[in-house]
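Geometric and topological summary
This is what each chain is made of:
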2 protein chains.
Amino acid sequence: MPRRKKVKLELLQCMSERKVSFRKRNTGLVKKLSELSTLCDVDVCDIILNPFHSSFDVWPSLPGVQSVLTKFRHIPEGEQTKHMYNLETFTQERIQKTREQVRKLRMENRRIEIEQIINQCMSGGSFDIKNNYNLLNDMDLVLKQDIQELFIRIKALKG
Amino acid sequence: MPRRKKVKLELLQCMSERKVSFRKRNTGLVKKLSELSTLCDVDVCDIILNPFHSSFDVWPSLPGVQSVLTKFRHIPEGEQTKHMYNLETFTQERIQKTREQVRKLRMENRRIEIEQIINQCMSGGSFDIKNNYNLLNDMDLVLKQDIQELFIRIKALKG
DNA sequence: TACCCTATATTTAGCGA
DNA sequence: GTCGCTAAATATAGGGT
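Below you will find a few notes about this structure. Everything quoted here is computed from the prediction, not taken from an experiment.

**Section: the nonpolar core**
By size, the foremost hydrophobic cluster in this structure holds 28 residues, and its most contacted members are Ile48 of chain A together with Ile48 of chain B. When contributions to this core are tallied by element, the ones reaching two or more residues are α1 (15–40) and β1 (44–50) of chain A together with α1 (15–40) and β1 (44–50) of chain B. Core analysis: the second largest hydrophobic core is formed by 21 residues, Val68 of chain A together with Ile47, Phe56 and Phe72 of chain B among them.

**Concerning the protein's contact with DNA strand C**
Of all residues adjacent to DNA strand C, which total 18 residues, the nearest are Arg3 and Arg4 of chain A together with Arg4, Lys5 and Lys24 of chain B. Taking arginine 4 of chain B, its side chain carries an N or O atom lying 2.6 Å from a base oxygen of DNA strand C. A distance of 2.7 Å separates a phosphate oxygen of DNA strand C from a polar atom in the side chain of lysine 31 of chain B. Elements represented by at least two residues in the surface near DNA strand C include exactly α1 of chain A together with α1 and α4 (87–122) of chain B. Looking at the surface near DNA strand C, the element that brings in the most residues is α1 of chain B, giving seven residues.

**With respect to the sheet that holds β1 of chain A**
Spatial strand order, β2(A)-β1(A)-β1(B)-β2(B): four strands in an open sheet with antiparallel pairing. Each edge of the open sheet is held by one strand with a lone partner, namely β2 (55–59) of chain A together with β2 (55–59) of chain B. Each neighbouring strand pair of the sheet contributes to a mean axis angle of 10°, computed without reference to strand direction. Across five bridges, the pairing between β1 of chain A and β1 of chain B is antiparallel. Bridged to aspartate 46 of chain A within β1 of chain B is aspartate 46 of chain B. Packing against the sheet, helix α2 (residues 62–74) of chain A makes contact with β1 and β2 of chain A together with β1 and β2 of chain B, and its axis sits at approximately 120° to β1 of chain A. Helix-sheet contacts for α1 of chain B involve β1 of chain A together with β1 and β2 of chain B, and the interaxial angle to β1 of chain B is about 170°.

**Here we look at the interface of chain B and chain A**
Listed per partner, the contact involves 60 residues of chain B and 60 residues of chain A. Where chain B abuts chain A, roughly 5600 Å² becomes buried across the two surfaces, and 71% of that area is made up of carbon and sulfur atoms. Area buried by chain B at its contact with chain A is led by Leu39, Phe56 and Tyr85 of chain B, which between them contribute 13% of it. The tally of links between chain B and chain A comes to two salt bridges. Between arginine 25 of chain B and glutamate 35 of chain A there is a salt bridge, with the nearest N and O atoms lying 2.9 Å from each other. Put simply, chain B and chain A have 10 residue pairs in polar contact (both at pLDDT 80 or more) between them. Elements represented by at least two residues in the side of chain B that touches chain A include exactly α1, β1, β2, α2 (62–74), α3 (77–81) and α4 of chain B.

**Points about a positive patch on the surface**
Judged by side-chain charge, Arg4, Arg23, Lys24 and Lys32 of chain A together with Arg4, Arg23, Lys24 and Lys32 of chain B come together as a positively charged surface patch. As for its placement among the helices and strands, lysine 24 of chain B is situated in helix α1. Owing to a relative accessible area of 60%, lysine 24 of chain B belongs among the exposed residues under this scheme.

About the thresholds
Residues numbered from 1 in each chain as written. Chains lettered and ligands numbered in written order. Predicted model: local features only at pLDDT ≥ 70, side-chain atom pairs only at ≥ 80, totals over all residues. Heavy atoms only, no water. Core = buried A, V, L, I, M, F, W, Y, C linked by side-chain atoms within 4.5 Å. Buried < 20%, exposed > 50% of the residue type's maximum accessible area, 1.4 Å probe, protein only. Helix = DSSP H or I, 4+ residues; strand = E, 2+ residues; numbered from the N terminus. Near = heavy atom within 4 Å. Polar contact = N/O pair within 3.5 Å; in protein donor to acceptor, adjacent residues only side chain to side chain. Pairing = 2+ DSSP bridges. Axes fitted to C-alpha atoms, helices over the stretch in contact; angles between N-to-C directions. Contact = heavy atoms within 4.5 Å. Buried area = accessible area lost by both parts, 1.4 Å probe. Salt bridge = Lys/Arg side-chain N within 4 Å of Asp/Glu carboxyl O. Patch = residues over 30% accessible without salt bridge, like charges linked within 9 Å, V, L, I, M, F, W, Y side chains within 5 Å. Areas by Shrake-Rupley, 256 points an atom, 1.4 Å probe, with all protein chains shown as cover. Lys, Arg positive; Asp, Glu negative; His and termini not counted. Charge placed at Lys NZ, Arg CZ, Asp CG, Glu CD.

So this is what it looks like as structure tokens:
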């Protein structure tokens, strides 16, 4: 059996699990922050409310955070949000990417299904278009058209 | 040839590399922040000075950061730093862990080296202690003592 | 509870277009 | 410069102790 499953991105219901996950991920996060900071020469800070101690974890340190905050406040309001990478842009980007992936998977499925139909037809299978349409009920219109064209070509090929 | 090497944790000298790394890692960071937030029900914010646009990336949003900041300021000064996980504690923890790993690797090396010497001796190799000391010049005192004892035992064993 | 381990899942460096 | 891809590096869930 697999030792690890993909975790669903939602609140961990089990409290002890949540605690463990928090500790691990907090550590990882801080590591990544420090890496970004040194690799790219970037001023970074974060503040994480630790729900288990009702205290905050602050990176890189209290004065460090305050220094970044001061710098942040000194940027003109208009400039602050320009190029800003935040929850909104992040989400938009992810939706975009996911759509793109879905598109690709659809293409791949189309390829495979078309291949199967060709194989089926070439090896003397049925040419019952209606039946195959049924099988491929949920497919895109474009795909159906492709398949229709394919059937015609296969018929022509076979005589 | 390997397509990817382990990057040294220091400022990336090549500017374009740095830029690419920044974009990728910033994305990853924000993803992890959002995961921590939803998995563990945690208030999080971060502010990253984007050195390439002289602007800030703010997570999760400007009001979001301000809300966390307000909460942060409302915690009594003494409580703020209790349990705080920051650059210092992070570094201490990593030093501790690294030492522990070094210790373990030493133990493992000892085990392997001792094994080799035993094999060498049992298969009729030399018993020249001085020579073997030379080979094992950098080893711990404890290891040397262990080996000395081993030589004696092997000699006894062989007659 | 708080570690440690290790098999999976995830991140990302290096490339090629 | 940007993108997508892929393999190597890394993070971490689950399961021990």
